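Chain residues, written in single-letter form:
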Amino acid sequence: MGKTVLSVENLSTFYKTDKGISRAVENVSFTVEEGEILGLIGESGCGKSTVAQSILRLIEYPGKVVKGKVFLHEKELISASEADLYDIRWSEISVIPQSAMNALNPVHRIGEQIMEAILIHEHVSKKEALDRTKVLLELVGIDRERWKSYPHEFSGGMKQRVAIAMALACYPKMIISDESTTGLDVLTQSQVIALLKDLQRKMNLSIILISHDLPMVTSISDKIAIMYAGKLVEWASTDDILHDARHPYSRALLDATPDLINRDKKIVSIPGTVPNLVNIKSCCRFHTRCPFAFERCKVEEPELKEVKPGHFAACFLEEENHELTYTS
Ligand code: SF4
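Residues numbered from 1 in each chain as written. Predicted model: local features only at pLDDT ≥ 70, side-chain atom pairs only at ≥ 80, totals over all residues. Heavy atoms only, no water.

Asker: Lay out empty space enclosed by the protein in plain terms, naming residues and giving numbers.
Answerer: Under the defined criterion, the tally for this structure stands at two cavities of 30 Å³ or more. Around the largest cavity, the lining comprises 15 residues; the ones closest to its centre are Cys284, Cys290, Cys297, Cys315 and Phe316. Looking at the second largest cavity, its volume works out to about 80 Å³. Lining the second largest cavity we find Tyr228, Lys231, Leu232, Val233, His247, Cys283, Cys284, Arg285, Phe286, Glu301, Pro302 and Ala314. Looking at the lining of the second largest cavity, the element that brings in the most residues is strand β10 (residues 231-237), giving three residues. Among the residues forming the lining of the second largest cavity, the class breakdown is eight nonpolar, one polar and three charged. (1 Å grid on protein atoms, 1.4 Å probe; cavity = no way out; pocket = protein on both sides within 12 Å on 5 of 7 lines; lining within 4 Å. Points joined across faces, edges and corners; volume = space filled by probe spheres on them. Helix = DSSP H or I, 4+ residues; strand = E, 2+ residues; numbered from the N terminus. Nonpolar A, V, L, I, M, F, W, Y, C, P; charged D, E, K, R; others polar.)

Asker: Please provide a residue-by-residue account of the pairing of strand β11 (residues 305-308), values included.
Answerer: Here three bridges tie β11 to strand β12 (residues 311-313), and the two strands are oriented antiparallel to one another. Looking at the pairing, Glu306 lines up with Phe312 of β12. Connecting the antiparallel pair β11 and β12 is a turn made up of two residues, with Gly310 showing a positive phi of about 75 degrees. (Pairing = 2+ DSSP bridges.)

Asker: Describe the packing of helix α3 (residues 110-121) against helix α5 (residues 156-167), and please don't skip the residues or the numbers.
Answerer: In contact at an axis separation of 9 Å, α3 and α5 are set at 20 degrees when each is read in the N-to-C sense. Taken together, the axes of α3 and α5 are roughly parallel relative to one another. Read as a crossing pair, α3 and α5 show a hand that is right-handed. Residue-level inspection shows Ile110, Gln113, Ile114 and Ala117 of α3 in contact with α5, the latter providing Val162, Ala165 and Met166. Considering only residue class, the contact of α3 with α5 consists of six nonpolar, one polar and no charged. (Axes fitted to C-alpha atoms, helices over the stretch in contact; angles between N-to-C directions. Parallel < 35°, antiparallel > 145°, perpendicular 65-115°, else oblique. Left-handed = near helix turned anticlockwise from the far one by under 90°. Contact = heavy atoms within 4.5 Å.)

Asker: I'd like to hear about the sheet that holds strand β6 (residues 93-96), residue by residue, with values.
Answerer: Read across the open sheet, the eight strands follow the order β6-β7-β8-β3-β9-β10-β12-β11; overall the sheet is mixed. The open sheet terminates on both sides in strands that have one partner only, identified here as β6 and β11. Averaged over all neighbouring strand pairs, the angle between strand axes comes to 25 degrees, with direction disregarded. Where β6 and strand β7 (residues 174-178) come together, four bridges link them in parallel fashion.

Asker: Could you give me a rundown of the pairing of strand β1 (residues 4-17), with the residues and numbers involved?
Answerer: Pairing between β1 and strand β2 (residues 20-33): nine bridges, direction antiparallel. Residue pairing across strands places Thr17 opposite Gly20, the latter belonging to β2. Taking the residues between adjacent antiparallel strands as the criterion, β1 and β2 are bridged by two residues. Sheet analysis places β1 next to strand β4 (residues 63-72), joined by eight bridges and oriented antiparallel. Bridged to Ser7 within β4 is Phe71.

Pasting the structure below:
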């Protein structure tokens, strides 16, 4: 691992609603190192995609980033001008969006769509853009001459590969994959994930991999950040999350996940649902679902603290030296 590429500091993004303020993301902090894959996981509605959109400054009214900083190398993105952001997006950081394969324009050849991304952001000739498009297609495992094909001539998995090639069009060093394998069949999903891992090695890419699919994320991530109800509740190496998770929500997610090796493992689903974040009071947001909750959890918010080197968790039990006993 190298130096820090992305640093997110106390990021908070709220939405105005008829009923009050929804605290969709609050005080989220983490870093991503050079060549690192960070898996960002949690149930849907926990704020993962809002974090991605906030980093890229794509939050629209009634949403707003109300606090925090995001450094991409030394550049601060939240206060950057639109002109600076225009240069940074694609060339330094890009995104493989949700339903990326549906984002391709059906009436244009796939090569033209990748070329367009290059030509908009870089001063290169059409020939240079086409040459690079062919290289990018080969990089994602598609025959370079298929640049002439239209999206409808490709399978879902191949369209997803095109979306990855497009995200790499200006050779950014940081990529955010936002649920980009959701909707693919299991085989295609594992091929796309293997491709991302391969590209990360070849290009020393830093990747934030957003998903609710814990086994998929743990299979390729170096570190895992777990979000619950807009807060980061645990952040550690993948090994620590799998074998020494400290937050009850992290453990609950693990307990709710089937184990392909240990097929006798008892699956325990998490009772209840993610709370409504509109006008939410100060508390541990997991307290209504947590088997260990006590009075303090209902009135005070635990902060993310380092519980051992490089391992952070936000739970009062860490301060109380409480021994956790779990179902598995
Ligand atoms: Fe459970 Fe309390 Fe820890 Fe929250 S702070 S996870 S409610 S024990």
